[in-house]
Amino acid sequence: MTIKQPSYMFSAWENYKQWESTCPECNWTGLLAQAVSDYETPMVSSLHCPKCDRKLALMNNQASQEEIVDLAARGSQQAIHHLKRQEETKDQ
Ligand SMILES: [Zn+2]
């Protein structure tokens, strides 16, 4: 089941790659995993339509440890991966 992109701005730590988005410009519809991501500032990245390059969404790259743990508990792959890596580096 695909989840519709819930808002224009969301956390980069969410499972956004599995969300479906529709471009208001060219009507492209697909998963945000297919969108072109672009670096804006250290804090914000943007996602663009793969067809016409219109900006589809903004992502907040900053998240506190608490937020990451919370998102991992809700199934975000990015957050789970990050926590796993943190765990691994701690052991070294
Ligand atoms: Zn488009």
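Look up: the structure comes first, before these words.
Note that the structure is predicted; figures quoted are calculated from it, not measured. (Residues numbered from 1 in each chain as written. Predicted model: local features only at pLDDT ≥ 70, side-chain atom pairs only at ≥ 80, totals over all residues. Heavy atoms only, no water.)

A tally of helices and strands in the chain yields two helices and seven strands. Listed by position from the N terminus, the elements making up the chain come as β-β-β-β-β-β-β-α-α. Here the C-alpha coordinates of the chain stretch approximately 50 × 30 × 20 Å along the principal axes. With 92 residues in all, the chain has 32% of them scored as buried. Intrachain contacts of the chain at a sequence separation of at least 6 include 39% that bridge at least 24 residues. About 6100 Å² of surface is accessible on the chain, with carbon and sulfur atoms providing 50% of the total. The positive charge centre, built from 9 side chains, and the negative charge centre, built from 12, are 5 Å apart in the chain. (Helix = DSSP H or I, 4+ residues; strand = E, 2+ residues; numbered from the N terminus. Buried < 20%, exposed > 50% of the residue type's maximum accessible area, 1.4 Å probe, protein only. Contact = heavy atoms within 4.5 Å. Areas by Shrake-Rupley, 256 points an atom, 1.4 Å probe, with all protein chains shown as cover. Lys, Arg positive; Asp, Glu negative; His and termini not counted. Charge placed at Lys NZ, Arg CZ, Asp CG, Glu CD.)

Moving on, we come to the coordination of the zinc ion. Looking at the metal site, the zinc ion is ligated by C23 (SG), C26 (SG), C49 (SG) and C52 (SG), spaced 2.3 Å from it. Read in sequence order, the donor residues for the zinc ion give the motif C-x2-C-x22-C-x2-C. Highlighted residues: C26 in the loop between strand 3 (19-22) and strand 4 (29-31) and C52 in the loop between strand 6 (44-48) and strand 7 (55-60), separated in sequence by 26 residues. (Donors = N, O, S within 2.8 Å, 3.2 Å for Na, K, Ca; no water.)

In total, this model carries five salt bridges according to the counting rule given. For D70, the salt bridge goes to R74, with nearest N and O atoms at 3.2 Å. Residue class for D70 comes out partly exposed when judged on its relative accessible area of 40%. The class for R74 is exposed, based on a relative accessible area of 61%. For the salt bridge of K90 with E87, the shortest nitrogen-to-oxygen distance reads 3.4 Å. One end of the pair, K90, and the other, E87, are both in helix 2 (residues 77-91), three residues apart, so they sit about a helical turn from each other. With relative accessibility at 61%, the residue K90 sits in the exposed group. (Salt bridge = Lys/Arg side-chain N within 4 Å of Asp/Glu carboxyl O.)

With five of five residues buried, strand 6 lies mostly within the body of the structure. Of the two faces of strand 6, the one lined by V44, S46 and H48 and the one lined by S45 and L47 are each fully buried. When strand 5 (residues 36-39) meets strand 6, the two strands line up antiparallel, connected through four bridges. Bridging across to strand 6, S37 finds its partner in L47. Once strand 5 ends, the chain turns through four residues before running back antiparallel as strand 6. In this structure, strand 6 lies alongside strand 7, joined through five bridges in antiparallel fashion. (Pairing = 2+ DSSP bridges.)

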